[in-house]
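Take a look at the letters that make up each chain.
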Amino acid sequence: MYSFDIQRPTSVADAVAALATDEALPLGGGQTLIPTLKQRLSAPSVLVSLSGIAEMKGVCTGDDGALCIGGGTTHATVAREASSYPALADLAGHIGDPAVRNRGTIGGSLANNDPSACYPSAALASGATIVTNTRSIAADDYFQGMFATALNEGEIITEVRFPVPEKAAYMKFEQPASRFALVGVFVAKYADGVRVAVTGASENGVFRWTEAEAALSSNFSADAVPASPSGDGMISDLHGSGAYRAHLVAVMTKRAVAAAR
C-alpha cells in the first residue's frame, strides 16, 4: 500500500471536518477499502476511521416503530440485535464469514454499493431511509447504479431506518469463494403492498422487480411469482450468464416468498 495518515475522530462533526482534507477517504470496517488499497487501486493521503464514533453504533426502535441501525454498526451486531426484523438479522448473519461480520459495517456496505452486496437489497425492498450527517435519503433515490449512490463527497451515513414489514425473507444464491450474492432477492410484504429487490444480477446494481411486486401484492404466494425477467442487462461472467442470473431471480424470489415470516 501507499503511505497515508490516519485520523480517528470520536464524533460525526470531527469526522466531517477531517474528510474535508484533500484526498481523504472514510474508513468503516475496511472490508472493501483495505483490499482496494492493497491492490493500489486507491491512494488516499488520509484515512478517516469511523470506528471510534459511538453515536454511529447500535440498534434501536424509533418512535414510528422503524428499526434504526447506526451506520457504524457491524453485521454481527445487526445479526444479534435486529430481532424485530428477523429477515434483516438473518441476512446480516450470512454475510461473508465471522471475521467479515465482526468488522464490516452496514454504513460501509451501503456507501460502497457493491452490485453483489446483500444490504442494498434489504434497504431497497424495505423502503428504508438512509440518514447522513446532512439529510435523509429514501432508498428509492439513494441507489443510482453499480457502485453509485446519492452520497456527496464527504457525506457520512450515520443511520439506516427500516420500516418493519408484516413478512419478509432474503434468499441468496452464493458465489462460494466470496460469499457475495450471485443473485440475492429480498421480499418484504407491507400493508400497502409488496416490495422485491434484487442484488447480484444487474449491470446497473440493485433493482426493484416491479412485475413481481405487482403480482405478489395481489397474491402473496410463490405460485404468483412471474416468469424470469429478461436476461438483457444482467451480469454475464465466468460464474454465470445473464440468462442464468435472470432465471435465478425468479427462483430466489419464489424461495423468499415461501420462507417469508
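All figures in this text were calculated on a predicted structure; none of them were measured in a lab.

Parameters at a glance
Residues numbered from 1 in each chain as written. Predicted model: local features only at pLDDT ≥ 70, side-chain atom pairs only at ≥ 80, totals over all residues. Heavy atoms only, no water. Buried < 20%, exposed > 50% of the residue type's maximum accessible area, 1.4 Å probe, protein only. Helix = DSSP H or I, 4+ residues; strand = E, 2+ residues; numbered from the N terminus. 1 Å grid on protein atoms, 1.4 Å probe; cavity = no way out; pocket = protein on both sides within 12 Å on 5 of 7 lines; lining within 4 Å. Points joined across faces, edges and corners; volume = space filled by probe spheres on them. Nonpolar A, V, L, I, M, F, W, Y, C, P; charged D, E, K, R; others polar. Contact = heavy atoms within 4.5 Å. Pairing = 2+ DSSP bridges. Axes fitted to C-alpha atoms, helices over the stretch in contact; angles between N-to-C directions. Core = buried A, V, L, I, M, F, W, Y, C linked by side-chain atoms within 4.5 Å.

**Q** Let's hear about helix α7 (residues 119–126): which residues, and what values?
**A** A large share of α7 lies buried, amounting to eight of its eight residues. Residues of α7 that are buried include every one of Tyr-119, Pro-120, Ser-121, Ala-122, Ala-123, Leu-124, Ala-125 and Ser-126, and no others.

**Q** Describe the layout of surface pockets, with residues and values.
**A** Roughly 210 Å³ of volume is contained in the second largest pocket. Ser-116, Ser-178, Phe-180, Asp-237 and His-239 are the residues nearest the centre of the second largest pocket, which is lined by 13 residues in total. Grouping the amino acids of the lining of the second largest pocket by side-chain chemistry returns five nonpolar, five polar and three charged.

**Q** Pulling in residues and values, what's your account of the environment of Met-234?
**A** With respect to the secondary-structure elements, Met-234 resides in the loop between α9 (210–218) and α10 (242–259). The class of Met-234 is buried, set by a relative accessible area of 8%. In this structure, the C-alpha to C-alpha distance between Met-234 and Tyr-244, residues 10 residues apart in sequence, is 9.0 Å. For Met-234, the contacting residues outside a window of four places in its chain are Ala-201, Ser-202, Glu-203, Phe-207, Pro-229, Gly-242, Ala-246 and Val-249.

**Q** How would you sum up the sheet that holds strand β12 (residues 207–208)? Please name residues and give values.
**A** Within the open sheet, the four strands sit side by side as β9-β10-β11-β12. Their pairing is antiparallel. Each edge of the open sheet is held by one strand with a lone partner, namely β9 (167–174) and β12. Taken strand by strand, α10 contacts β9, β10 (181–190) and β11 (193–199), and its axis lies near 40° from that of β10.

**Q** Please provide a residue-by-residue account of the nonpolar core, values included.
**A** Here is a general trend for soluble globular proteins: nonpolar side chains tend to be buried in one another's company. Counting residues in hydrophobic clusters, the biggest one holds 37 residues, and the most contacted among them are Tyr-85, Leu-88, Leu-110, Tyr-119, Phe-162 and Phe-186. Broken down by secondary-structure element, the contributors of at least two residues to this core are β5 (67–70), α4 (86–93), α6 (106–112), α7, α8 (139–142), β8 (157–162), β9 and β10. Here Tyr-119 is in contact with His-75, Val-78, Leu-88, Leu-91, Ala-92, Ile-95, Ile-106, Ser-109 and Leu-110, once residues within four sequence places are set aside. Formed by 25 residues, the second largest nonpolar core is a distinct cluster that contains Val-194, Phe-220, Ala-224 and Ala-246.

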